[in-house]
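# Observations on chain architecture
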Amino acid sequence: MLADGTSVKADVLKIGHHGSSSSTSKAFIDAVSPTYVIISVGKNNYGHPDSSILTRLKNINAAVLRTDQKEPLLQLVKVIKNTSL
């Protein structure tokens, strides 16, 4: 998609494979330019989400909503309730 110039911009991006280091490239994150990112992750022995992914998201000022953290998910619910789809 990126190679053929297709626009992938979106307000919300679900990060791939629990936020592993190779799951979502910097180029893709930059192209999507999301306001919110969701990372589906729980307790694990793999170090997910990887710190490099979290840094990429911090660098674009995206709000990170992780399924292993209750408060960010409540924030997402509030955003959805206040958004007309």
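Please refer to the structure higher up on the page.
Below you will find a few notes about this structure. Owing to the predicted nature of the structure, the values given are computational and were not obtained by experimental measurement.

### Observations regarding the side chain of histidine 48
- Within the secondary structure, histidine 48 is located in the loop between strand S2 (36-39) and helix H2 (51-59).
- In this structure, histidine 48 is in contact with His17, His18, Gly19, Ser20 and Val41, ignoring residues within four places of it in sequence.

### Observations regarding the pattern of salt bridges
- Under the defined criterion, the tally for this structure stands at 2 salt bridges.
- Between aspartate 30 and lysine 26 there is a salt bridge, with the nearest N and O atoms lying 2.5 Å from each other. Here lysine 26 and aspartate 30 lie together in helix H1 (residues 26-32), a separation of 4 residues that amounts to about one turn.
- Note that arginine 66 is salt-bridged to aspartate 68, the shortest N-O span being 2.7 Å.
- The class for arginine 66 is buried, based on a relative accessible area of 15%.

### Observations concerning the sheet that holds S2
- Read across the open sheet, the 3 strands follow the order S1-S2-S3; overall the sheet is parallel. In this open sheet, the two strands that pair with only one neighbour each are strand S1 (12-14) and strand S3 (63-66). Within the sheet, the average angular offset between the axes of one strand and its neighbour, ignoring direction, is 20°.
- The sheet contact formed by S1 and S2 spans 3 bridges and is parallel. By the bridge assignment, valine 12 is partnered in S2 with tyrosine 36.

Definitions and cut-offs
- Residues numbered from 1 in each chain as written.
- Predicted model: local features only at pLDDT ≥ 70, side-chain atom pairs only at ≥ 80, totals over all residues.
- Heavy atoms only, no water.
- Helix = DSSP H or I, 4+ residues; strand = E, 2+ residues; numbered from the N terminus.
- Contact = heavy atoms within 4.5 Å.
- Salt bridge = Lys/Arg side-chain N within 4 Å of Asp/Glu carboxyl O.
- Buried < 20%, exposed > 50% of the residue type's maximum accessible area, 1.4 Å probe, protein only.
- Pairing = 2+ DSSP bridges.
- Axes fitted to C-alpha atoms, helices over the stretch in contact; angles between N-to-C directions.

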